[in-house]
Amino acid sequence: MNDHVYKIIEIVGSSTQSSDHAIQQAVAKAGTSLRNLDWFEVVETRGHIVDGKVAHYQVKLKIGFRLD
């Protein structure tokens, strides 16, 4: 196994569907501008309430990617 060096960024994904969908959206969007994505960690989960119902799920992620 090779030694790797990683950079970690924090991003927030949101979705009206679910927290899982918010994660998927965030990782997919990060993948459009970053290379070598290797892992993510959910740091925080929160949401937005409208009229007593969940309107948006928000998930803060740490994403690790290998540096070239």
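The structure under discussion appears in the preceding block.
The structure presented is a predicted model; accordingly, all values stated were derived computationally and were not measured.

Caption draft 1: A nonpolar patch on the surface, seen in detail. Taken together, the side chains of Tyr6, Ile8 and Trp39 present a nonpolar region at the surface, about 280 Å² in accessible area. Considering the arrangement of structural elements, one finds Trp39 in strand β2 (residues 37-50).

Caption draft 2: How the structure looks around the pairing of strand β3 (residues 53-66). Two elements, strand β1 (residues 6-15) and β3, share 10 bridges in a ladder whose sense is antiparallel. Across the sheet, residue Ser14 finds its bridge partner in β3, namely Gln58. Pairing between β2 and β3: 12 bridges, direction antiparallel. Each residue of the ladder has a partner; that of Gly47, found in β3, is Tyr57. Between the end of β2 and the start of β3, which pair antiparallel, lie two residues, with Asp51 showing a positive phi angle near 50°.

Criteria and cut-off values
- For every chain, the first residue of its written sequence is number 1, and the numbers climb from 1 along that sequence.
- Per-residue local features of the predicted model are confined to residues with pLDDT of at least 70, and side-chain atom pairs are confined, for both listing and counting, to 80 or more; whole-chain, interface and lining totals are unaffected and use all residues.
- Here the side-chain values reflect all heavy atoms present in the structure, with hydrogen atoms and water set aside.
- Residues enter patches when they are more than 30% accessible in relative terms and free of salt bridges; like-charged ones are connected within 9 Å and nonpolar ones (Val, Leu, Ile, Met, Phe, Trp, Tyr) within 5 Å.
- Note on areas: these come from Shrake-Rupley sampling with a 1.4 Å probe, and a residue is covered only by the protein chains present in the view.
- Salt bridges are counted wherever a side-chain nitrogen of Lys or Arg sits within 4 Å of a carboxyl oxygen of Asp or Glu.
- Helix and strand definitions follow DSSP, with helices as H or I runs of at least four residues and strands as E runs of at least two, each counted in order from the N terminus.
- Strand pairing requires that DSSP identify at least two bridges connecting the strands.

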